[in-house]
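Residues per chain are reported as follows:
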Amino acid sequence: MKHITIDNLEHIPESATFQDLRYLHGTGRSKTSIGAYGRKHSDYRFGAQTEIGDIEISVWEAAMHRLIRNSGEEALYQALLAWVEADTPWLHTKKERELYALELRSARIFELPEWVAKQEFEENYMPKRD
């Protein structure tokens, strides 16, 4: 795991894999800057710690969507999102549910035999293969 900060999609290689972008844990950092007339401005940066570094959360989401699209796995992501929407009532907003579905996708949760919802997901949500 690298300890670098990535705040721009251009700094994530097109060749990045799901393993490279796997969500390990969330990060947060307070930023203070001094603006006009010496006024302090505070902001907070949310990120996702991955194997390639600490990626600002909206950049990580964009990189994950790019990887899902390039891998042809949109149907799988939509299935995970449908499962999240149906089975995670503690997530209140659409944004929270989308982020959680991306976290699950990056971890390839659907491949882990110990995932307690694996059978339900496969039977009710997993895209059917022809």
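In case you missed it, the structure is sitting above this.
The rules we used
Numbering of residues starts from 1 in every chain and runs along the sequence as written. In keeping with the model being predicted, local features are shown solely for residues with a pLDDT of at least 70 and side-chain atom pairs are shown and tallied solely at 80 or more, while totals for entire chains, interfaces and linings include all residues. Hydrogens and water molecules were not included; the side-chain quantities draw on all heavy atoms of the structure. Each helix corresponds to a stretch of at least 4 residues labelled H or I by DSSP, and each strand to a stretch of at least 2 residues labelled E; elements are numbered beginning at the N terminus. A helix is expected to span 1.5 Å for every residue after the first. The buried label applies to any residue whose accessible area, calculated with a 1.4 Å probe on protein chains only, is under 20% of its type's maximum; exposed applies above 50%, and partly exposed to all values in between. Only heavy atoms enter the contact rule, under which two residues are in contact if any of them lie within 4.5 Å. The working definition used for a salt bridge is a side-chain nitrogen of Lys or Arg within 4 Å of a carboxyl oxygen of Asp or Glu. Any pair of Phe, Tyr and Trp rings, taking the six-membered ring for Trp, is counted once the centres come within 6.5 Å. Such a pair is stacked with planes under 30 degrees apart, edge-to-face with planes over 60 apart, and tilted for the rest. Two thresholds decide whether a charge sits over a ring: the Lys NZ or Arg CZ must be within 6 Å of the ring centre and within 35 degrees of the ring normal.

**Brief notes about helix H3 (residues 94-107)**
Compared with the 20 Å implied by 1.5 Å per residue over 14 residues, the 20 Å span of H3 between its first and last C-alpha is a close match. Of all the positions in H3, only Arg97, Glu98, Ala101, Leu102, Glu103, Leu104, Arg105 and Ser106 are classed as buried. Summarising the contacts, the buried residues of H3 are in contact with helix H1 (57-71) and helix H2 (74-87). Directly beyond the C-terminal end of H3, a positive phi value near 50 degrees is found at Arg108.

**A short note on the pattern of salt bridges**
For the coordinates displayed, the defined rule picks out ten salt bridges. The partner of Glu51 in a salt bridge is Arg22, with the nearest N and O atoms 3.9 Å apart. On the criterion of sequence distance, the pair formed by Glu51 in the loop between strand E3 (40-50) and strand E4 (53-56) and Arg22 in the loop between strand E1 (5-6) and strand E2 (25-34) is long-range, its members being 29 residues apart. A residue is classified by how much of its surface remains accessible, and Glu51, at 26% relative accessible area, is partly exposed. The shortest N-O distance in the salt bridge between Lys94 and Glu98 comes to 3.9 Å.

**Notes on the packing of aromatic side chains**
Overall, the coordinates contain five aromatic pairs when judged by the stated rule. Site record: aromatic cluster; members linked through ring pairs are Trp83, Trp115, Phe121 and Tyr125. Here Arg105 stacks its cationic end above the ring of Phe18, 3.6 Å away from the centre of that ring.

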